[in-house]
Amino acid sequence: MKTWPDLAVPPVDLAFPPLILNATSGARELESSSNNFKMYVCGITPYDATHLGHAATYLTFDLVNRYLRASGKNVSFVENITDIDDPLFERAARDNQSWQELGNSQVALFTGDMTALRILPPTAYVSVTEAMSSIILAIELLAEKGFTYECAGNTYFRTTNFLTTLPIAIDDALRVFAERGGDPQTAGKEHPLDPILWVAKKAGEPSWISKLGEGRPGWHVECTVIALENLLGIGYLEETKVGEIAIDLQGGGSDLIFPHHFMTAAIGKALTGIDFAASYVHAGMVGLDGEKMSKSKGNLVLVSNLIASGIDPMVIRFALMDSHYSKERMWSAGLIPIAQARVERIRSALSRSEVAPTDKLFRDIASALGNDLNTPSALALIDTWVEETEAGSIGGSAGEMSRFLDATLGLAL
Ligand code: ZN
């Protein structure tokens, strides 16, 4: 899939501390075994407008990407588009629209939002339809290895060997599985948490030929295969060795902890025999005025609408970074004028010929970001620098400050 336009990231001459993320399961410090960091972020299912919650999630991994790149790492960043999944087909059928048209229109809105917010594009942006032949091969291999069984015409993944690593209690897992695309109630399954790998052909849905019959894949296996193939190369099934971990990080919103990231990891382990990811990192959900943001409540705040109303995308980015990525956060319209005023003061300070010292500031900002991406603290440090500059302090470089803010925080001011 064509990704959105790349951005030049200014080089930063600074020794960055290791990036430590607390909202992580797996290795706490984001160290890669090599200088090449392999990051996979779960992309959108393009059936509905992307909202501020999505923006906050992709912004989180943009900050990880920028930090690692500024630290000298070579980051391979893969993101998918879940263009084969139940919600997309259900919405398209409801609205009497083709699933391709609906998907394309939502992907266009999403990439427009990402471009405006200066999110660095992935090195590979892959839709499920593009990866279909690899996904089918992987499912057929899982069947050969004995990890699948048939029930009611569909093919299920056998989770039995993996349930010792469930991230939540079994009762909660059963409830959440049903809420997030699973079918714990289907009669005849070996375990209620087993997810569908291959859905038998249904009227009105696209289908492909496989050794398991005509049909299409279920959700989780799609991400496993797109991640492994694009981060390890097409020979990933032969080349991985026991004792290695396949990729460095799998990321997404906290609603993906279970079942999605648990299942992608289990399927990955079944396929390759090695652990899927060293770290799993999750961004908190964003609510509106004290309530959960959801389509059914009709309170979705869309980035595209904010931008269309004349709000500077850098102000939206700044406002999102003023709360911590791992927290459940609340959005309100009142955050915009506050962020706007702070951004304007930074721009005004940067336009001066003399500015307050910047060397220690860069070290302090790097230290704040390295400590669990503490963006609120980084932005507060910038406010202090603005106040010092306004008070006449000199000795820094406005040009270096601009480049540093762009490289690390994605703020082009
Ligand atoms: Zn995913």
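Residues numbered from 1 in each chain as written. Predicted model: local features only at pLDDT ≥ 70, side-chain atom pairs only at ≥ 80, totals over all residues. Heavy atoms only, no water.

**Focus: the domain arrangement of the protein chain**
What counts, and what does not: Throughout the structure description, domain borders are defined by an automatic or database domain assignment. Contacts are assigned to residue pairs that have any heavy atoms within 4.5 Å of one another. As a working definition, buried area equals the accessible area (1.4 Å probe) given up by two parts on being put together, with both sides summed. Here, a salt bridge means any Lys or Arg side-chain nitrogen found within 4 Å of an Asp or Glu carboxyl oxygen. Distance and chemistry together define a polar contact, namely a pair of N or O atoms within 3.5 Å, with one atom able to donate a hydrogen and the other to accept it when in protein, and with adjacent residues in sequence counting only for side-chain atoms on both sides. In this count, Pro and Cys sit with the nonpolar residues alongside Ala, Val, Leu, Ile, Met, Phe, Trp and Tyr, while Asp, Glu, Lys and Arg are called charged and the others, Gly among them, polar.
On domain assignment, one finds that the protein chain holds domain 1 (33-287) and domain 2 (334-409). When each unit is reduced to the centre of its C-alpha atoms, the spacing between domain 1 and domain 2 is 37 Å. Contacts between the two partners involve 6 residues from domain 1 and, on the opposite side, 9 residues from domain 2. Of all residues in domain 1, the largest losses of buried area upon contact with domain 2 belong to Leu 63, Arg 66 and Tyr 67, amounting jointly to 74% of the total for that side. Where domain 1 touches domain 2, the interface holds 2 salt bridges. One salt bridge in this structure joins Arg 118 and Asp 406, with 3.0 Å as the shortest N-O distance. Scanning the region where domain 1 abuts domain 2 turns up 3 residue pairs in polar contact (both at pLDDT 80 or more). By residue class, the composition of the side of domain 1 that touches domain 2 is 3 nonpolar, 1 polar and 2 charged.

**Some remarks on helix α3 (residues 99-116)**
Definition in use: The way it works is that DSSP assigns letters per residue, a run of H or I at least four long becomes a helix, a run of E at least two long becomes a strand, and they are numbered from the N terminus. A helix's residues, less one, multiplied by 1.5 Å, set its expected span. Per-residue accessibility, obtained with a 1.4 Å probe over protein chains only, is compared with the maximum for each type, and a residue is labelled buried under 20%, exposed over 50%, and partly exposed between these values. The arc under discussion is defined with respect to the helix axis, by the directions toward the C-beta atoms.
Under the 1.5 Å per step criterion, the end-to-end length of α3 is 26 Å for 18 residues, consistent within 8% with the ideal 26 Å. Residues of α3 that are buried include every one of Trp 99, Leu 102, Gly 103, Gln 106, Val 107, Phe 110, Thr 111, Asp 113 and Met 114, and no others. Down the axis of α3, the smallest arc covering the buried residues is 155°, so these residues share one side. What points out from α3, more than 90 degrees from its buried face, is the exposed set Glu 101 and Asn 104.

**Notes on the packing of helix α11 (residues 335-350) against helix α13 (residues 375-390)**
The condition is simple: Here an angle of 0 to 180 degrees is reported between the N-to-C directions of two axes, which are lines fitted to C-alpha atoms, with helices fitted over the stretch in contact. Roughly parallel here means an angle under 35 degrees, roughly antiparallel means over 145, roughly perpendicular means 65 to 115, and every remaining angle is called oblique. The hand of a helix crossing depends on one turn: near helix anticlockwise from the far one by less than a right angle means left-handed, and clockwise means right-handed.
Their axes nearest at 10 Å, the elements α11 and α13 cross at an angle of 50°. By the angle between their axes, α11 is oblique relative to α13. Relative to α13, the crossing made by α11 is left-handed. The segment α11 lies against α13, with Arg 342, Arg 345, Ile 346, Ala 349 and Leu 350 engaging Leu 379, Ala 380, Ile 382, Asp 383, Trp 385, Val 386, Glu 387, Thr 389 and Glu 390. When the residues that make up the contact of α11 with α13 are grouped by side-chain class, the tally is 8 nonpolar, 1 polar and 5 charged.

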